[in-house]
Amino acid sequence: MGERTLVLGGARSGKSIAAERLLADVPDVVYVATGGDDAGNAEWADRVARHRSRRPATWGLAETIDLVPLLESPGPPLLIDCLTLWLSRTMDTLEIWDSLDRADVVEQQIARLADAWSGTPRHVVAVSNDVGSGIVPADPGTRLFRDLMGRLNTTISLASTQVLWTIAGRTMPLT
């Protein structure tokens, strides 16, 4: 079974950089971008460009939210950035935002992902936002997202060999 590391933190805490550093000396990492294209959004394009500029030229790229097949198959290390966007895009794909009472469908996807994460033969590092430490969101959809994000982070964390917390560019292990 592969080593599984979860890197948690708030927005702009340095968690992606911390995750990249964990695999910096590995030439054949597959960077798994879960954010999607968001064509026409200049801010998003800038974020993507900054991430790309930090990665070694030898790293591969997979842009997908279909993480289970990647985790289940043998291969080079994976850097998944990030589980927060995976959840958001999964909720989009399943049209949960219009039918909040169908949250169980997302819970099933979280369980599938956790099973694949637990049994992956690969060395894998995943990045995720901790969104539950702030204020309670005003609308039911955002509250559901926050709750599902907490469940996802907890589930993946408990199935990880290492969990790191990043804040203000500093990273520390959680035990």
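For the structure given in this document, a descriptive report is provided here. (Residues numbered from 1 in each chain as written. Predicted model: local features only at pLDDT ≥ 70, side-chain atom pairs only at ≥ 80, totals over all residues. Heavy atoms only, no water.)

1. Remarks on the sheet that holds strand β4 (residues 78-81)
- With mixed pairing, the seven strands of this open sheet are ordered in space as β3-β2-β4-β5-β1-β6-β7. Here the strands that pair on one side only, and so sit at the sheet edges, are β3 (60-63) and β7 (170-174). Geometrically, the sheet is characterised by an average inter-axis angle of 20° between neighbouring strands, direction not taken into account.
- Pairing of strand β1 (residues 4-9) with strand β5 (residues 124-129), which is carried by six bridges, proceeds in the parallel orientation. Its bridge partner lying in β5, Thr5 is registered against Val125.
- Against the sheet, helix α4 (residues 83-93) contacts β1, β4 and β5, and its axis sits at roughly 70° relative to β5. (Pairing = 2+ DSSP bridges. Helix = DSSP H or I, 4+ residues; strand = E, 2+ residues; numbered from the N terminus. Axes fitted to C-alpha atoms, helices over the stretch in contact; angles between N-to-C directions. Contact = heavy atoms within 4.5 Å.)

2. Describing the packing of α4 against helix α6 (residues 140-158)
- In the contact formed by α4 and α6, the axes pass within 10 Å of each other and the chain directions differ by 130°. Regarding the angle of α4 to α6, the classification is oblique. For the pair α4 and α6, the crossing hand works out as right-handed. Of α6, the residues touching α4 (which contributes Leu83, Thr84, Trp86, Leu87, Ser88 and Met91) are Leu144, Phe145, Leu148, Met149, Leu152 and Ile156.
- Its residues placed into classes, the contact of α4 with α6 shows ten nonpolar, two polar and no charged. (Parallel < 35°, antiparallel > 145°, perpendicular 65-115°, else oblique. Left-handed = near helix turned anticlockwise from the far one by under 90°. Nonpolar A, V, L, I, M, F, W, Y, C, P; charged D, E, K, R; others polar.)

3. Focus on the layout of surface pockets
- The calculated volume of the second largest pocket comes to roughly 170 Å³.
- Taken together, Ile65, Asp66, Leu67, Val68, Trp86, Thr90, Thr93, Leu94, Gln109, Arg112 and Leu113 make up the lining of the second largest pocket.
- At the level of secondary structure, the elements contributing two or more residues to the lining of the second largest pocket comprise α3 (67-72), α4 and α5 (103-119). (1 Å grid on protein atoms, 1.4 Å probe; cavity = no way out; pocket = protein on both sides within 12 Å on 5 of 7 lines; lining within 4 Å. Points joined across faces, edges and corners; volume = space filled by probe spheres on them.)

4. Digging into the nonpolar core
- Among the nonpolar cores identified, the biggest contains 34 residues, and Leu71, Ile80, Leu83, Leu87 and Leu152 are the most heavily contacted of them.
- For this core, the elements supplying multiple residues, two or more each, are β1, β2 (30-33), α3, β4, α4, α5, β5 and α6.
- Here this core gets seven residues from one element, more than from any other, and that element is α5.
- Residue contacts for Leu87: discarding those within four places in its chain leaves Val106, Phe145, Leu148, Met149 and Leu152.
- Formed by 14 residues, the second largest nonpolar core is a distinct cluster that contains Ala19, Tyr31, Trp59 and Val125. (Core = buried A, V, L, I, M, F, W, Y, C linked by side-chain atoms within 4.5 Å. Buried < 20%, exposed > 50% of the residue type's maximum accessible area, 1.4 Å probe, protein only.)

5. Overview of the pattern of salt bridges
- Counted under the stated rule, the structure contains three salt bridges.
- Asp147 serves as the salt-bridge partner of Arg146, at 2.9 Å between the closest nitrogen and oxygen. (Salt bridge = Lys/Arg side-chain N within 4 Å of Asp/Glu carboxyl O.)

6. Some thoughts on the pairing of β5
- Among the six residues in β5, six count as buried, and that is most of the element.
- Residues Val124, Ala126 and Ser128 line one face of β5 and the alternating positions Val125, Val127 and Asn129 line the opposite face, and both faces are buried.
- As paired elements, β4 and β5 share four bridges and run parallel to each other. Its bridge partner being in β5, Leu78 is matched across the sheet by Val124.

7. Re the pairing of β1
- Judged by how many residues are buried, β1 sits mostly within the fold: six of six residues are covered.
- As defined by bridge partners, β1 adjoins strand β6 (residues 162-167) across five bridges and the pair is classed as parallel. Looking at β6, one finds that Thr5 is bridged to Gln162.

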